[in-house]
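These are the residues of each chain, in order.
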Amino acid sequence: QVQLVESGGGLVQPGGSLRLSCAASGFTFSAYFMRWYRQAPGKERELVAHISDIGGSTSYADSVKGRFTISRDNTKNTVFLQMNSLKPEDTAVYYCRAGLRYWGKGTLVTVSS
């Protein structure tokens, strides 16, 4: 059974940091590129960050470049999103995705004072 379980969301003040994790099971994790998406209230889901199957290549949305870092540990079947210098406009539900196939259920990030 395929599972992607996100964790690490919560409430943080502007300028703060959070580290999201996505634990994968039920498929060959190392064979898939991984992505983080987010969906803010009333907005479409958008791609935030991408990492290749072995982690040698990453890319980011312009809105998060220089603040967010995606990484993965293929020995633990987990992908991470380190988020620094958070802004209120980063408030959203964050989802991980394996390739173009599997989605997690999301974790809520709220940036507010």
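To be clear, the structure that these remarks concern was listed above.
Residues numbered from 1 in each chain as written. Predicted model: local features only at pLDDT ≥ 70, side-chain atom pairs only at ≥ 80, totals over all residues. Heavy atoms only, no water.

1. What to know about unusual backbone geometry
Working step 1: Look at Asn77: it is not a glycine, yet its phi comes out positive at around 50 degrees.
Working step 2: Residue position: Asn77 is located in the loop between β7 (68-73) and β8 (78-83).
Working step 3: A relative accessible area of 27% means that Asn77 is categorised as partly exposed.
Working step 4: A positive phi angle, close to 50 degrees, is found at Ser85, a residue other than glycine.
Working step 5: Structurally, the position occupied by Ser85 is in the loop between β8 and β9 (92-98).
Working step 6: According to the relative accessible area criterion, Ser85 is partly exposed, its value standing at 40%. (Helix = DSSP H or I, 4+ residues; strand = E, 2+ residues; numbered from the N terminus. Buried < 20%, exposed > 50% of the residue type's maximum accessible area, 1.4 Å probe, protein only.)

2. Considerations on the pairing of strand β3 (residues 18-25)
Working step 1: Examined bridge by bridge, strand β1 (residues 3-7) and β3 share 5 bridges and lie antiparallel to one another. Across the sheet, residue Ser7 finds its bridge partner in β3, namely Ser21.
Working step 2: Where β3 meets β8, 6 bridges bridge the pair, whose relative direction is antiparallel. Bridging across to β8, Leu18 finds its partner in Met83. (Pairing = 2+ DSSP bridges.)

3. Considering the sheet that holds β7
Working step 1: Strand order in the open sheet formed by 4 strands is β1-β3-β8-β7, with antiparallel pairing between adjacent strands. Edge strands, defined here as strands with exactly one partner in the open sheet, are β1 and β7. Ignoring strand direction, the axes of neighbouring strands in this sheet form an average angle of 15 degrees. (Axes fitted to C-alpha atoms, helices over the stretch in contact; angles between N-to-C directions.)

4. Concerning the nonpolar core
Working step 1: Ranked by size, the top nonpolar core spans 30 residues in total, and within it Leu4, Trp36, Val79, Leu81, Met83 and Tyr94 carry the most contacts.
Working step 2: Those elements that provide at least two residues to this core are β3, β4 (34-39), β5 (46-51), β7, β8, β9 and β11 (107-111).
Working step 3: Leaving out residues up to four positions away in the same chain, Val79 has contacts with Leu20, Ser21, Cys22, Phe29, Met34, Trp36, Ile51, Ile70, Ser71, Arg72 and Cys96. (Core = buried A, V, L, I, M, F, W, Y, C linked by side-chain atoms within 4.5 Å. Contact = heavy atoms within 4.5 Å.)

5. Let's talk about the state of the cysteines
Here, disulfide denotes a covalent bond that connects the sulfur atoms of two cysteines.
Working step 1: Within this structure, the stated rule accounts for 1 disulfide.
Working step 2: Across the disulfide, Cys22 is cross-linked to Cys96 (sulfur-sulfur distance 1.9 Å). Residues Cys22 and Cys96 are joined by a disulfide whose S-S torsion is about 45 degrees; by sign, that bridge is right-handed. One end of the pair, Cys22, is in strand β3; the other, Cys96, is in strand β9, and 74 residues separate them in sequence. (Disulfide = S-S within 2.5 Å.)

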